[in-house]
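Here is what each chain is made of, one letter per residue.
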Amino acid sequence: MLRGGTVARRFTILYATGFLGSGIVLLALTHLVSGVRLSAPAPPSTGVPGGPSDLAAARQEIRDLQTQLADLHGQQQDRWVVASLVALVVTAGLSLLLGRVLAGRVLRPLRLITAATRRISAENLHERLAVTGPADEVKELADTVDGLLERLESSFVAQRRFVGNASHELRTPLATMRASLDVAVAKPEPAAQTLALAGRLRTELDRVDHLLDGFLLLARAEHGAFADRTLLSLGELAREALGARAPDIAAKALALRTEVRSAAWTRGGAALLSRLVQNLVDNAIVHNEESGWIRVTADGDGSGARLVVETGGRVLDQGEVDRLGRPFERLGTARTGSEGSSGLGLSIVAAIVAAHGGRLVLRPVRRAACASR
């Protein structure tokens with residue numbers, strides 16, 4: 001049966017309207033032609049045997065016959081009109097049914113192309129529609145989509161290759177600069193200015209290294225370039241992340257409350273999901289107030305899992321919260337930021353959630369971040 005689509009409805013209505021319009025015109029012409037009457041000439045008034053009385057009787061009989069014929073013709077016309085209306089109604093139903101069937105046959109290749117295109121994602125860009133058939137408009141559309149997929153695949157491959165090369169090429173000069181600093185500091189009795197400069201450079205190198213890690217992880221998540229899908233517990237990942245940041249939580253005297261249920265299982269990349277939880281926990285700690293609070297909830301229903309991280313601190317409005325998922329977006333600091341922040345934390349979370357088919361919800365109520373799948 002044809003699915004209720006806008007194009008299908010338009011095609012059905014257009015076909016039925018054209019079919020009915022032609023039927024109405026044909027019936028109207030038939031009605032006009034059948035309504036033409038041919039009048040017979042009056043009988044001669046002379047040469048009738050039997051005298052005037054016989055002539056008058058004959059004329060009266062003719063008039064009676066004409067009246068009967070007129071009545072019979074009117075009845076036939078009424079029956080013809082009723083039959084025409086019934087035929088028009090039946091034709092209307094048949095035209096709608098036929099239009100629906102024809103629309104289904106015409107649009108079936110397009111539905112197949114749509115379904116195949118939806119199945120193709122960043123992980124299987126090598127697949128093609130490969131529609132066979134005559135060289136018509138539908139095949140031309142399918143070939144165009146195949147060409148677009150080929151260009152997208154080439155672009156993704158080139159971008160992934162660039163990410164890999166950048167990871168190698170950028171880390172090499174960073175390692176060289178760190179080694180040079182270590183050599184300068186290791187000299188006998190280094191100057192105080194040299195030690196201070198080395199400390200500042202190490203800090204900046206750590207920030208560059210952290211930013212590079214963020215770039216690479218963001219690119220990896222956005223491209224879905226991970227094959228280590230396994231069954232993981234978001235609750236266990238949350239416990240590990242909170243345990244690793246326990247000294248920072250204690251330093252700020254944050255009240256911690258966790259609600260982890262055993263059903264919080266999901267399937268995905270272990271490294272990416274671990275980084276997702278770590279970023280949410282880090283965000284809750286760094287952007288919190290002294291003696292504040294953190295609440296972490298993990299649950300699921302068997303088909304997916306949900307992780308909710310709520311924090312204290314300044315209450316934000318929805319406009320500010322909507323910006324937090326973008327790269328390099330910070331609130332209350334300059335674009336370059338401070339405290340070693342790269343400005344990629346929540347944007348990495350959003351990319352990882354999207355790569356796993358989930359949804360990231362940022363709400364201004366108590367500065368809550370919720371990731372679900």
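Figured I'd write up the structure that's included with this text. (Residues numbered from 1 in each chain as written. Predicted model: local features only at pLDDT ≥ 70, side-chain atom pairs only at ≥ 80, totals over all residues. Heavy atoms only, no water.)

## As for the overall build of the protein
The secondary structure content of the protein amounts to nine helices and seven strands. In the protein, buried positions account for 29% of the 373 residues. Residue pairs in contact within the protein that sit at least 24 positions apart in sequence constitute 71% of those at least 6 positions apart. (Helix = DSSP H or I, 4+ residues; strand = E, 2+ residues; numbered from the N terminus. Buried < 20%, exposed > 50% of the residue type's maximum accessible area, 1.4 Å probe, protein only. Contact = heavy atoms within 4.5 Å.)

## Here's the deal with the side chain of Thr-297
Mapped onto the fold, Thr-297 is located in strand 4 (residues 293-300). Classification of Thr-297 as buried rests on a relative accessible area of 14%. With near-sequence residues (within four places) excluded, Thr-297 lies in contact with Glu-259, Arg-306, Leu-307 and Val-308.

## Considering helix 5 (residues 234-244)
Residues of helix 5 that are buried: Leu-234, Gly-235, Leu-237, Ala-238, Ala-241 and Leu-242. For helix 5, the arc enclosing every buried residue in end-on projection is 160 degrees, short of the 170-degree limit, so these residues lie on one face. (Arc of directions from axis to C-beta.)

## Section: helix 7 (residues 270-286)
The end-to-end C-alpha separation of helix 7 is 24 Å, in line with the 24 Å expected for 17 residues at 1.5 Å each. Along helix 7, the residues that are buried comprise Leu-272, Leu-273, Arg-275, Leu-276, Val-277, Asn-279, Leu-280, Val-281, Asn-283, Ala-284 and Ile-285. (Expected span 1.5 Å × (residues − 1).)

## Topic: the nonpolar core
If you look at soluble globular proteins, the nonpolar side chains tend to sit buried side by side. If you look at the biggest cluster of nonpolar residues, it comprises 36 residues, and the most contacted ones within it are Leu-234, Leu-276, Val-277, Leu-280, Leu-307 and Ile-352. Residue assignment for this core shows that the elements contributing at least two residues are helix 4 (192-222), helix 5, helix 7, strand 4, strand 5 (305-311) and helix 9 (345-355). When residues of this core are assigned to their parent elements, the largest contribution, eight residues, is made by helix 7. Counting residues in each nonpolar core, the second largest holds nine residues, with Ala-116, Ile-120, Leu-129 and Val-138 among its members. (Core = buried A, V, L, I, M, F, W, Y, C linked by side-chain atoms within 4.5 Å.)

## Side note on the pattern of salt bridges
Applying the stated rule across the entire model yields 11 salt bridges. Ionic pairing is found between Arg-128 and Glu-153, a salt bridge with its closest N-O pair at 2.8 Å. With Arg-128 in the loop between helix 2 (51-119) and helix 3 (137-186) and Glu-153 in helix 3, this pair connects stretches of sequence that are 25 residues apart. Residue class for Arg-128 comes out partly exposed when judged on its relative accessible area of 29%. Among the residues examined, Glu-153 registers a relative accessible area of 25% and is labelled partly exposed. (Salt bridge = Lys/Arg side-chain N within 4 Å of Asp/Glu carboxyl O.)

Everything listed here is a matter of geometry and, on its own, says nothing about what the molecule does.
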